[in-house]
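# A closer look at the structure
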Amino acid sequence: MSEELTSTATDGLPSLDENAAVTFLQDLVRLNTVNPPGHESLAADLIQSRLAPLDFRIERLGAEPGRDCLIATLQGTEGRPTLIFNGHTDVVPVSSGWTRDPVGGEVEAACLYGNGVEDMKAGVAAFVLAGQAFARSNRRLRGNLVLHAVADETAGGMDGTGYLSRQGRLQGDFAVVCEPTGLDVFIAHRGLMYFELVIEGRAAHSGRPWLGVNAIDKASNVMQELTRSLGPVFAQRTHAMLPSPSINFARIEGGARESIVAARCRLNLDRRLLPGETFDRAETEIRQTIERVRAQDPEQWTFTLRRKLAVPALEVDPAERIVHECQRAYREVTGDESRIGCTSGLEDAHWYAQAGIRTAMFGPYVRKRWEGDNRFAWNVASPDEHISIPQWLTAIRVYMRLVQNLLG
């Protein structure tokens, strides 16, 4: 590591060994936790080895073998309030175009590279290191500090934070989801629905295609009509911060061989929702569009539409105390202002909000001041994904300040 990284303390906060911090993040990045299959227990093992020797109480729960969520609790002297930090340890598959080892944890020009380092092993490592610093110091916290390192978020979170929710383990007063926000405070995200559409036509030899009904052709007609009819509808649904609803045709497969008219085609859809849109309404719009295409077609075919996943959108009141406390912590550490923002993607924050916990999204990545729709652009899941080490070290201290202000 650079000699510029030293053990320091800032304005009454616990000291931070910066070289050891970077090494820990490298160790986390070097674990292959691509989802699927996940193997998030590898990350839970690493975090447990760091926190268990201290005063943290460690619990591990997994919806599937090898996919543990870790709950680490540092009990306060008064037992209230409780502040939860959340972060996922699974990462998306490696994209093409990397010039560095995606699991190498390489450091160059004050940046640390690795698949999933931004989304979101840097956030996980930041709150683990902040919690470790308090546990190692002589000071005692009044409230409880709880760390959730979870599985499965990149696939919707049903087997991660959703699993903790089903087990009744989301209990606290405040929650910070440490997704990459550039240390702006994000208070909204869109919802998500996954659908599987299966169209059944009729097989025939391709020398006599008029004897068959091509399911791939019908799927193409459905996609065109969904774009044509729902696109203008989505454009009329607006939000002060979030982009309009959208639909993505994510995967299509069908047919048996070149010489056979495709009797079956499967299409997977991704539908993003604004706050206020309901799951039933979103599904009805898609289903009615498909019905209309079929009704206007002289050929006979059938379809089934199955809802695979449904995650609600989130909108937090910017006046919530946790929002102001995140901004306050950032201001007190940096002297700068942390703005209110949102993400066009999906985070685990909605699980905590549904549990009645005051929640904000607040985490590190390469900080860039954004304008217009560029606010939704970052290097997550892109080749040579990386974070700025100085900005990440600042994030650790901001989390320390947040803990101190809320629980100290």
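First, a word on what this report is: a plain description of the structure on this page. In this text the structure is predicted, and so the values were computed from the model without any measurement.

In terms of regular secondary structure, the protein is built from nine helices and 18 strands. A globule of 408 residues ought to have a C-alpha radius of gyration of about 22 Å, and the protein, at 24 Å, matches this closely. Taken along the three principal axes of its C-alpha coordinates, the protein extends 80 × 40 × 40 Å. Every one of the 408 residues in the protein was classed for burial, and the buried ones make up 53%. Pairs at least 24 residues apart make up 79% of the contacts formed inside the protein by residues separated by at least 6 positions. Taken as a whole, the protein presents about 17100 Å² of accessible surface, with 47% of it coming from carbon and sulfur.

Moving on: the environment of Lys308. By the secondary structure assignment, Lys308 is in strand β14 (residues 302-311). Taking C-alpha positions, Lys308 is 42 Å from Phe134, a pair spaced 174 residues apart along the chain. In this structure Lys308 touches Tyr194, Phe195, Glu196, Arg251 and Asn268, once residues within four positions along its chain are discounted.

We now examine the side chain of Thr181. Along the chain, the position of Thr181 falls in the loop between β9 (174-177) and β10 (185-189). Assessed through its relative accessible area of 1%, Thr181 is described here as buried. Of the polar contacts made by the side chain of Thr181, one reaches the backbone nitrogen of Leu183; its length is 3.2 Å. Among the polar contacts listed, one links the side chain of Thr181 to the backbone nitrogen of Gly363, at a separation of 2.9 Å. If we skip the residues at most four places from it in the chain, Thr181 touches Phe186, Met361, Phe362, Gly363 and Tyr365.

This part covers the pattern of salt bridges. Enumeration according to the criterion identifies 36 salt bridges in this entry. Between Glu225 and Arg228 there is a salt bridge, with its nearest N and O atoms 2.6 Å apart. Note that Glu225 and Arg228 are positioned in helix α5 (residues 215-236) at a spacing of three residues, about one turn of the helix. According to the relative accessible area criterion, Glu225 is buried, its value standing at 15%. Shared partners join several salt bridges into a network, and the residues in it are Arg237, Arg271, Glu277, Arg281 and Glu285.

Take the environment of Trp210 next. When you line up the elements, Trp210 lands in the loop between β11 (191-200) and α5. For the pair Trp210 and Val261, spaced 51 residues apart in sequence, the C-alpha to C-alpha distance is 9.3 Å.

Strand order in the open sheet made by the three strands is β6-β7-β18, with antiparallel pairing throughout. One side of each edge strand has no neighbouring strand; the edge strands of this open sheet are β6 (107-108) and β18 (386-388). Across three bridges, the pairing between strand β7 (residues 111-113) and β18 is antiparallel. Within β18, the position partnered with Tyr113 by the bridge is His386. Relative to β18, helix α3 (residues 117-136) is tilted by about 50 degrees, and along the sheet it contacts β7 and β18. Across the sheet, helix α9 (residues 389-407) is in contact with β6, β7 and β18; its angle to β18 comes to roughly 70 degrees.

The next subject is the nonpolar core. Grouped together as the largest cluster of nonpolar side chains are 88 residues, with contacts concentrated most on Leu83, Phe85, Leu145, Trp392 and Ile396. Among the elements that line this core, the one with the most residues is α3, at 13 residues. If we skip the residues at most four places from it in the chain, Leu83 touches Asn144, Leu145, Val146, Phe174, Val176, Ile322, Leu402, Val403, Leu406 and Leu407. Membership of the second largest hydrophobic core comes to 22 residues, among which are Met193, Leu197, Phe234 and Ile286.

The subject of this paragraph is the layout of surface pockets. Put simply, the second largest pocket is a space of about 310 Å³. Lining the second largest pocket are 13 residues; nearest its centre among them are Tyr194, Ala250, Arg251, Leu269 and Asp270. Elements supplying a minimum of two residues to the lining of the second largest pocket: β11, β12 (246-254), β13 (264-273) and β14. Among the elements that line the lining of the second largest pocket, the one with the most residues is β12, at five residues.

For the pair helix α7 (residues 321-334) and α9, the least separation of the axes is 8 Å and the interaxial angle reads 125 degrees. In terms of their interaxial angle, α7 and α9 are classed as oblique. The two elements α7 and α9 cross, and the hand of that crossing is right-handed. Taken together, the residues of α9 that come into contact with α7 (itself represented by Arg321, Ile322, Glu325, Cys326, Arg328, Ala329, Tyr330, Glu332, Val333 and Thr334) are Thr394, Arg397, Val398, Arg401, Leu402, Asn405 and Leu406. Of the residues that constitute the contact of α7 with α9, the class distribution is eight nonpolar, three polar and six charged.

Further remarks concern the sheet that holds β14. Taken in spatial order, the four strands make up an open sheet running β12-β13-β11-β14, and their pairing is antiparallel. In the strand order of this sheet, the two ends are held by β12 and β14, each with one partner. Taken over all neighbouring pairs, the strand axes of this sheet differ in orientation by 20 degrees on average, direction set aside. Each of β11, β12 and β13 is contacted by α5, which is oriented at about 180 degrees to β12, the strand it contacts most. With respect to the sheet, helix α6 (residues 279-295) is in contact with β11, β12, β13 and β14, its orientation differing from that of β14 by roughly 160 degrees.

Criteria and thresholds
Residues numbered from 1 in each chain as written. Predicted model: local features only at pLDDT ≥ 70, side-chain atom pairs only at ≥ 80, totals over all residues. Heavy atoms only, no water. Helix = DSSP H or I, 4+ residues; strand = E, 2+ residues; numbered from the N terminus. Rg over C-alpha atoms; globule rule 2.2 N^0.38 Å. Buried < 20%, exposed > 50% of the residue type's maximum accessible area, 1.4 Å probe, protein only. Contact = heavy atoms within 4.5 Å. Areas by Shrake-Rupley, 256 points an atom, 1.4 Å probe, with all protein chains shown as cover. Polar contact = N/O pair within 3.5 Å; in protein donor to acceptor, adjacent residues only side chain to side chain. Salt bridge = Lys/Arg side-chain N within 4 Å of Asp/Glu carboxyl O. Pairing = 2+ DSSP bridges. Axes fitted to C-alpha atoms, helices over the stretch in contact; angles between N-to-C directions. Core = buried A, V, L, I, M, F, W, Y, C linked by side-chain atoms within 4.5 Å. 1 Å grid on protein atoms, 1.4 Å probe; cavity = no way out; pocket = protein on both sides within 12 Å on 5 of 7 lines; lining within 4 Å. Points joined across faces, edges and corners; volume = space filled by probe spheres on them. Parallel < 35°, antiparallel > 145°, perpendicular 65-115°, else oblique. Left-handed = near helix turned anticlockwise from the far one by under 90°. Nonpolar A, V, L, I, M, F, W, Y, C, P; charged D, E, K, R; others polar.

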